[in-house]
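Each chain, letter by letter, is given below.
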Amino acid sequence: MPALSNPLLQKWFNAFMRLSHRARLPSARHADELHVPLRGGLDKCRAGQVYLVGAGSGDAELLTLKAARLLMQADAVVYDRLVGDDVLALIPSSSERYYVGKARGHHSVPQAEIGELMVKLAGEGKSVVRLKGGDPAVFARMGEELDALAAAQVPAAIVPGITAASAAAACMGIPLTDRGHAQQLRFVTAQLCREDGTPDWASLARKDETLVFYMGLSKVDAICHGLRLAGLPDEWPIMLVANASQREQQSLVGTLADMPEKLAASPLPSPCLIVVGSVVQRVATTPVVKITDVCAAPLI
């Protein structure tokens, strides 16, 4: 096998090979010996199949081992705008790459064409990874892509990833749920699809749950206004986290009353996640080491 020049790719490959070797040992010599059921040598990417893979929040070390393996094995990778460069670095130079990213207000490739591209590549006998930021099943149009593949009778498999809500909460050192704060957790897309374009603010304005708004950076003012109008107090906590788990991570913490002004004074880049709920109060009281500052340690 040719030498791997990319340091991150070399790191993943070495860890992968060590864990694969251990997982295939006939028996453990010690009870505390690590076992990870990797099947890298036995379960290669299948020709003519599409894998809908979650790239996680952008930190390559937060990828699942299965996602990393599939990236190293696929003949073609179809990827989104929110996939980090470190994750893309895991793709071998011999693999085909197809960028189909979308930005707010501009779709570089229409959704129907993405489906057609995956069907075409699979029809050529290639193993295809459809790489999506976060988790492919959370506001990522996975249903539409599964429908396109099913219509063409192309087999598909789903590999979950760490969604932005989990990454943002971990980076800020707070729980999404807590017995003293939230008995419910709700994920909401701020890109409203209903004809009237107005969410049910009354059902969202609860003090016993955490709300997480995806794709809502341009709608912060409307979110704060709607929740206040529906009964949440002006001082109700809200947090914005941009580029969660990445070195470019930025955040703002405030209240429903002052967040629009804070955001105007200190704009955040996209992608940005919005967390509303009393759990946000824990940001000021919980010391936490950022994920991006955690020192890498040997896996074995």
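Here the structure is a predicted model, which is why all the values come from computation and not from measurement.

Draft legend 1. Inspection of the packing of aromatic side chains at higher detail. One pass over the structure, following the stated rule, counts 3 aromatic pairs. Cluster of aromatic residues (ring-pair linked, three or more members): Phe139, Phe187 and Tyr214.

Draft legend 2. Focus on the packing of helix 4 (residues 111-123) against helix 5 (residues 142-151). At a minimum axis distance of 9 Å, the contact between helix 4 and helix 5 shows a crossing angle of 45°. Between helix 4 and helix 5, the crossing angle belongs to the class labelled oblique. The crossing of helix 4 and helix 5 is right-handed. Side by side, helix 4 and helix 5 meet where Gln111, Ile114, Gly115, Met118 and Val119 of the first sit next to Glu144, Glu145, Ala148 and Leu149 of the second. Across the contact of helix 4 with helix 5, the residue classes tally to 5 nonpolar, 2 polar and 2 charged.

Draft legend 3. Structural detail: the sheet that holds strand 1 (residues 50-54). The strand order across the open sheet formed by 5 strands is 3-2-6-1-7, and the pairing between neighbours is parallel. A single partner strand is all that each edge strand has here, and the edge strands are strand 3 (96-99) and strand 7 (156-159). Each strand of the sheet is rotated relative to its neighbour by a mean of 20°, with strand direction disregarded. Bridge count between strand 1 and strand 6 (residues 128-132): 5 bridges; the pairing is parallel. Residue Leu52 lies in a different strand from strand 6, and its bridge partner there is Arg130. On top of the sheet, helix 4 reaches strand 1, strand 2 (76-79), strand 3 and strand 6; it is set at about 155° to strand 6, its chief contact.

Draft legend 4. Looking closely at the side chain of Ser127. Among the structural elements, Ser127 can be located in the loop between helix 4 and strand 6. Of the residues examined, Ser127 reaches a relative accessible area of 2% and is grouped as buried. Dropping the residues within four chain positions of it, Ser127 is found in contact with Cys45, Arg46, Ala47, Gly48, Gln49, Gln73, Ala74, Asp75 and Ala76.

Draft legend 5. Expanded view of helix 5. Those residues of helix 5 lying buried are Met142, Glu145 and Leu149. The arc that holds the buried residues of helix 5, viewed along the axis, is 65°, so those residues lie on one side. Turned more than 90 degrees away from the buried face of helix 5, the exposed residues are Asp147, Ala150 and Ala151. Where helix 5 is buried, its residues contact strand 1, helix 4, strand 6 and strand 7. Positive backbone phi, at 60°, marks Gln153, one or two positions downstream of helix 5.

Draft legend 6. Here's a closer look at the sheet that holds strand 9 (residues 209-214). Across the sheet, which stays open at both edges, the 5 strands sit in the order 8-9-12-10-11 with mixed pairing between neighbours. Pairing within the sheet leaves two strands with one partner each, and these edge strands are strand 8 (184-189) and strand 11 (250-255). Across the sheet, the mean angle from the axis of one strand to that of its neighbour is 15°, orientation sign disregarded. In this structure, strand 10 (residues 237-242) lies alongside strand 12 (residues 272-276), joined through 5 bridges in antiparallel fashion. Across the sheet, residue Leu240 finds its bridge partner in strand 12, namely Ile274.

Draft legend 7. The arrangement of helix 4 in detail. Here helix 4 contains 13 residues, and its C-alpha end-to-end distance of 19 Å stays within 8% of the 18 Å for a straight helix at 1.5 Å per residue. Regarding helix 4, the residues found buried are Gln111, Ile114, Gly115, Leu117, Met118, Leu121 and Ala122. Down the axis, helix 4 shows its buried residues gathered within 160° of arc, on one side only. Within helix 4, the exposed residues directed more than 90 degrees away from the buried face are Ala112, Glu116 and Gly123.

Draft legend 8. Local environment of the nonpolar core. Counting residues in hydrophobic clusters, the biggest one holds 24 residues, and the most contacted among them are Phe213, Leu227, Ile238, Leu240, Leu256, Ile274 and Val276. Per-element tally for this core: the top contributor is helix 8 (residues 220-229), with 4 residues. When near neighbours in sequence (up to four residues on either side) are disregarded, Leu240 contacts Leu217, Val220, Gln250, Ser251, Leu252, Met259, Leu263, Leu268, Cys272, Leu273 and Ile274. Counting 22 residues, the second-largest nonpolar core is a separate cluster that includes Ala60, Ala67, Ala74 and Val129.

Draft legend 9. Representation of a nonpolar patch on the surface. A cluster of nonpolar residues, Phe139, Leu185, Phe187 and Met215, forms a patch on the protein surface that exposes about 320 Å² of accessible area. If you trace the backbone, Phe187 turns up in strand 8. Owing to a relative accessible area of 31%, Phe187 belongs among the partly exposed residues under this scheme.

Each value, and the rule that gives it
Residue numbers run consecutively from 1 along every chain, following the written order of its sequence. Thresholds applied to this predicted model are a pLDDT of at least 70 for local features of residues and 80 or more for the giving and counting of side-chain atom pairs; totals over whole chains, interfaces and linings are not thresholded and use all residues. Side-chain measures were taken over the full set of non-hydrogen atoms in the model, leaving aside hydrogen atoms and water. Only Phe, Tyr and Trp rings take part, Trp by its six-membered ring, and two of them pair if their centres are within 6.5 Å. Stacked means planes under 30 degrees apart, edge-to-face means over 60, and tilted covers everything else. Fitting a line to C-alpha atoms yields each axis, with helices limited to the stretch in contact; the angle taken between N-to-C directions then spans 0 to 180 degrees. Numbered from the N terminus, helices here are DSSP runs of H or I no shorter than four residues, and strands are runs of E no shorter than two. For classification, angles of less than 35 degrees are called roughly parallel, those exceeding 145 degrees roughly antiparallel, those between 65 and 115 degrees roughly perpendicular, and all remaining angles oblique. Whether a crossing is left-handed or right-handed is set by the direction in which the near helix is turned from the far one by less than a right angle, anticlockwise for left-handed and clockwise for right-handed. Residues count as neighbours in contact if any of their non-hydrogen atoms are within 4.5 Å of one another. Each residue receives one of three labels: charged for Asp, Glu, Lys and Arg, nonpolar for Ala, Val, Leu, Ile, Met, Phe, Trp, Tyr, Cys and Pro, and polar for the others, Gly being one of them. Each pair of strands is called paired provided DSSP finds at least two bridges between the two strands. Working definition: with a 1.4 Å probe on protein chains only, accessible area under 20% of the residue-type maximum means buried, over 50% means exposed, and in between means partly exposed. The reported arc concerns the directions from the helix axis to the C-beta atoms and nothing else. Helix span, as expected, comes to 1.5 Å for every residue beyond the first. Throughout, nonpolar core names a set of buried Ala, Val, Leu, Ile, Met, Phe, Trp, Tyr and Cys residues whose side chains join them through atoms within 4.5 Å. Residues enter patches when they are more than 30% accessible in relative terms and free of salt bridges; like-charged ones are connected within 9 Å and nonpolar ones (Val, Leu, Ile, Met, Phe, Trp, Tyr) within 5 Å. Working definition of accessibility: Shrake-Rupley area with a 1.4 Å probe, residue cover restricted to the visible protein chains. Take a side-chain nitrogen of Lys or Arg and a carboxyl oxygen of Asp or Glu: if they are within 4 Å of each other, that pair is a salt bridge.

Geometry only, nothing functional implied.
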